[in-house]
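# Structure at a glance
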Amino acid sequence: MTSNSSDRPRPGAGLLTVGETMALVTPATGHRLVDAEDFHLDAGGAESNVAAHVAALGYPARWFSRLGDDALGRRVAAQLGRRGVDVSTVVMDAAHRTGVYFKDPGSGVLYYRSDSAASHLSPADADLLALDGIGILHVSGITAAISGSAASFLDSAIGRAREAGVLVSFDVNDRRALWDPATAAGALAALARRADLVFVGRDEAEGLWGTERARDVRALFPDIPELVVKDGEVGATVFAGGLEIFEPSFSVQVVDVVGAGDAFAGGYLAAVLAGAPHEKRLRAGHGRAALTLQTTGDFIDERIGR
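Here's a quick rundown of the structure. Every chain is numbered independently, its residues counted from 1 as its sequence is written. Reporting in this predicted model follows two pLDDT cut-offs: at least 70 for local features of residues, and 80 or more for side-chain atom pairs to be given and counted; totals over whole chains, interfaces and linings ignore these cut-offs and use all residues. Side-chain metrics rest on all non-hydrogen atoms present in the structure, leaving aside hydrogens and water.

## Things to note about the sheet that holds strand β2 (residues 22-27)
Strands are treated as partners if at least two bridges between them are detected by DSSP. The secondary structure listing takes helices from DSSP runs of H or I that are at least 4 residues long and strands from runs of E that are at least 2 residues long, numbered from the N terminus. With respect to topology, four strands assemble into an open sheet ordered β3-β2-β7-β8, the strand pairing being mixed. Each of the sheet's edge strands pairs with one partner strand only, and the pair in question is β3 (39-44) and β8 (109-112). Going across the sheet, the axis of each strand differs from the next one's by a mean of 20°, ignoring polarity. Judged from the four bridges that link them, strand β7 (residues 100-103) and β8 form a sheet pairing that is antiparallel. In the strand pairing of β8, Phe102 is matched with Leu110. Two residues qualify as a contact provided that any one of their heavy atoms is within 4.5 Å of a heavy atom in the partner residue. Axis definition: a line fit to C-alpha positions, over the contact stretch in the case of helices; interaxial angles, taken between N-to-C directions, run 0 to 180 degrees. Against the sheet, helix α2 (residues 71-82) engages β2, β3 and β7, with an angle of about 75° to β3.

## Regarding the packing of aromatic side chains
Only Phe, Tyr and Trp rings take part, Trp by its six-membered ring, and two of them pair if their centres are within 6.5 Å. Stacked means planes under 30 degrees apart, edge-to-face means over 60, and tilted covers everything else. Summed over all chains, the structure comprises seven aromatic pairs. Centre to centre, the rings of Phe102 and Tyr112 are 5.8 Å apart; their planes meet at 85°, and the pair counts as edge-to-face. Linking Phe102 in strand β7 with Tyr112 in strand β8, this pair joins segments that are 10 residues apart in sequence. For every residue, the accessible area obtained with a 1.4 Å probe (protein chains only) is divided by the maximum for its type, and the residue is called buried under 20%, exposed over 50%, and partly exposed between those limits. Residue classification places Phe102 among the partly exposed positions, given a relative accessible area of 27%.

## Concerning the nonpolar core
Within soluble globular proteins, side chains that are nonpolar generally end up buried alongside one another. The biggest cluster of nonpolar side chains holds 47 residues, and the ones touching the most others in it are Phe170, Leu188 and Trp209. Those residues in contact with Leu188, other than ones at most four positions away along the chain, are Gly141, Phe170, Val172, Asp174, Trp179, Leu208 and Trp209. Among buried residues, the Ala, Val, Leu, Ile, Met, Phe, Trp, Tyr and Cys ones that are joined through side-chain atoms within 4.5 Å form a nonpolar core. Ranked by size, the runner-up nonpolar core spans 38 residues in total, among them Leu15, Phe264, Leu282 and Ala289.

## What to know about α2
In a helix, the anticipated span is given by 1.5 Å times the number of residues less one. With 12 residues, α2 extends 16 Å between its outermost C-alpha atoms, agreeing within 8% with the 16 Å of an ideal straight helix rising 1.5 Å per residue. Regarding α2, the residues found buried are Gly73, Val76, Ala77, Gln79 and Leu80. With its buried residues spanning 165° around the axis, α2 presents them on a single face. Turned more than 90 degrees from where α2 packs its buried face, Ala71 and Arg82 sit exposed. It is the directions from the helix axis to the C-beta atoms whose arc is reported.

## Details of the pattern of salt bridges
Every case where a carboxyl oxygen of Asp or Glu lies within 4 Å of a side-chain nitrogen of Lys or Arg is listed as a salt bridge. By the definition in use, this model includes 16 salt bridges. Close ionic contact of Arg66 with Asp125 constitutes a salt bridge, the shortest N to O distance being 2.7 Å. Of this pair, Arg66 sits in strand β5 (residues 66-68) while Asp125 sits in helix α3 (residues 123-126), and the two are 59 residues apart along the sequence. Note on accessibility: Arg66 and Asp125 belong to one class, buried. Between Glu247 and Arg283 there is a salt bridge, and its shortest N-O distance comes to 3.2 Å.

Below you can see the structure in the form of structure tokens.
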């Protein structure tokens, strides 16, 4: 059986996400790193963020990766577990360390991830993925960028999901610091074309492929069953079959934008698991993103009922 539709996954099915998570250091307030005096130590990674948001909304969510078998790795796993994410299959790697990154409000992030445990993901790890009870596999372009073996892992994971009839969700998540633009453009386009559901920022798509409008992105990827083009504070557009639906973003006071895209994807995918129509999927994404935009962290520590 091959996945070829973004219709609702089978009832009761959950989410599986794969990809690197690091220890995240953030100022306790909105101050810059150079000025802040108090800090939080948290778990930070695009795919595990998505899993945490889906779990917070009441749906089964599992995250798989490699973590260093060190204090930071054990802390990351414990924090995600407390957020309702199933981390039972995560590989604790004694030979490699857990990556670390720092959030500098208003100025982006600083990464210290070279030779991390997750960068040693390989196709052998994809064989460990348990797909029973999984309706959606969510991945991102970050995994393809961190190492050649991780890119091969991602390729194998997508292949296994498609063979099992599991819907493949892909967030482009271009990280320009990890690879050159030409390599990224081709690799990310190829991954997008293998997915059933794709998330991409309008400005991100313009930087990668020269597309200026949401409809231009759709013209570039006409065969993706469900394509979501996000446009920051403006809103987001979903293209699905012959549908084109736009929903404006919620108006909020923004503290920091990092993590909002993961929150949007989490809200949207929870709505997919619920079988909600496309308008409600967009609104669910905007709602979750709005919460994250008002904090310095990547995740809101609260449980929200369905």
